[in-house]
Amino acid sequence: MNTEASGTLPRHTKPSVTVPPGGESVHRELFRLNRTLLDSRLLARVEQIERDWILPLVRSIESATAPVADRAGWQRLLAGLLAEERAGNPAGEYLAERASRDEFAYVVREFALDGLTEAQNFFPAVPRLPIKAQMAVMRVLIDEFGCGNLRQAHSQLYRLLLAELGLPQEPEHFLDTTGDETFQFLNVFYWLTQRAPHVEYFLGALAYLEASIPDAFTHQARACERLGIRHGRYYTEHLHIDTFHMREMQLAIKEYEAAHGLDPTRLWTGARVLSRLIGGAFDAAVARARQAAGGVAA
């Protein structure tokens, strides 16, 4: 895909965010706040961080492409973005075919806060949707939580993977070892579901995520197979179920359009914001894993 025409921007271009001298990064702080009971003072801090980080990012991406005419146009653009990402991912290929067990464990640790809290930050978007769109999104969420069966819950599958790799299984153990790029990916859904001015940004982002994971997780699934890791089901389950989720998200978008009308440019913006953030987080994690192991960063 022509990145200028599509508006796809380099993954590693990041807006400037101020880190207080001697303090934690604002992205780690924001993650902690997003999972805290907020009073007016803490909410003001959340809004300040988001105003300096996510709002400029959304504006820059939204201004980088022409408006999308209709839902069919959005679907074509999404298909093009997925094809572009599928065509070449050096970090993914390295993880799949060459990473050592320690390097793979590093990447698993880097995304532990995602795997252990998976989909928990999606629920606030549900009341912002019309009822038929709510049903489609809830079918996705029900699967994420194993249809109420702990053994099938995605977060439990991640715990089993962490345990096999000798890593802790509770989120608090990873607050000090997770990179800012991953915190940004985690934090964006709190904004998308709760404070974004238009829920179409969330719908586009989640539609992109569910459509991209079956290709993206083939790298992790292959690494588990190659390295003899027994609890790789977290990844293989996504290869199966996210094909269904992809269709449900397109249905949610269709139902939203039928009830309220649709601005497909916002869908496309949401997709590209998430593509930028998750792609940057993954590339950075693999590069740091290689550096930690004494190799050359990808």
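Residues numbered from 1 in each chain as written. Predicted model: local features only at pLDDT ≥ 70, side-chain atom pairs only at ≥ 80, totals over all residues. Heavy atoms only, no water.

Regarding the pattern of salt bridges
Moving on, step 1. Summed over all chains, the structure comprises 15 salt bridges.
Moving on, step 2. Between R195 and E50 there is a salt bridge, with its nearest N and O atoms 2.8 Å apart. Placement of R195 in helix α11 (residues 180-195) and of E50 in helix α3 (residues 40-52) is noted, with a sequence separation of 145 residues between them.
Moving on, step 3. For E237, the salt bridge is made with R233, and the minimal N-O distance between the two is 3.6 Å. Pair noted here: E237 and R233 are both in helix α13 (residues 233-260), with a separation of 4 residues, about one helical turn. (Salt bridge = Lys/Arg side-chain N within 4 Å of Asp/Glu carboxyl O. Helix = DSSP H or I, 4+ residues; strand = E, 2+ residues; numbered from the N terminus.)

Digging into the nonpolar core
As a rule of thumb, soluble globular proteins bury nonpolar side chains together.
Moving on, step 1. Of all hydrophobic cores here, the largest spans 90 residues; its most connected members are F104, F189 and Y235.
Moving on, step 2. Here the element with the most residues in this core is helix α12 (residues 200-227); it accounts for 14 residues.
Moving on, step 3. If near-sequence neighbours (up to four positions away) are discounted, Y235 is found in contact with F104, V108, Y158, L161, F217, Q220, A221 and C224. (Core = buried A, V, L, I, M, F, W, Y, C linked by side-chain atoms within 4.5 Å. Buried < 20%, exposed > 50% of the residue type's maximum accessible area, 1.4 Å probe, protein only. Contact = heavy atoms within 4.5 Å.)

Focus: the confidence of the model for the chain
Keep in mind that low pLDDT regions are not for reading the predicted coordinates in detail.
Moving on, step 1. Averaged over every residue, the pLDDT of the chain is 91; the share at 70 or more is 91%.
Moving on, step 2. Overall, residues 1-21 carries pLDDT values under 50, and its contacts beyond four positions in sequence, including any with other chains, amount to 44 contacts. (pLDDT = per-residue confidence, 0-100.)

Here's the deal with the packing of aromatic side chains
Moving on, step 1. Counted by the stated rule, this structure contains 11 aromatic pairs.
Moving on, step 2. Here the aromatic rings of F189 and F202 are separated by 6.3 Å at their centres, their planes lie at 80°, and the arrangement is edge-to-face. Taken together, the residues F189 in helix α11 and F202 in helix α12 connect sequence positions 13 residues apart.
Moving on, step 3. The class of F202 is buried, set by a relative accessible area of 0%. (Phe/Tyr/Trp six-rings, centres within 6.5 Å; stacked < 30°, edge-to-face > 60°.)

Section: helix α7 (residues 101-110)
Moving on, step 1. Burial within α7 is extensive, with 7 of its 10 residues counted as buried.
Moving on, step 2. Within the span of α7, buried status applies to E103, F104, A105, Y106, V107, V108 and E110.

Notes on the environment of S212
Moving on, step 1. Structurally, S212 is set in helix α12.
Moving on, step 2. Placed 95 residues apart in sequence, S212 and T117 show a C-alpha to C-alpha distance of 19 Å.
Moving on, step 3. For S212, the residues in contact, after removing those within four places along its chain, are L82 and E85.

Details of the environment of G88
Moving on, step 1. When you line up the elements, G88 lands in the loop between α5 (71-87) and α6 (90-97).
Moving on, step 2. Residue classification places G88 among the partly exposed positions, given a relative accessible area of 42%.
Moving on, step 3. Sequence separation between G88 and F282 is 194 residues, and the spatial gap between their C-alpha atoms is 14 Å.

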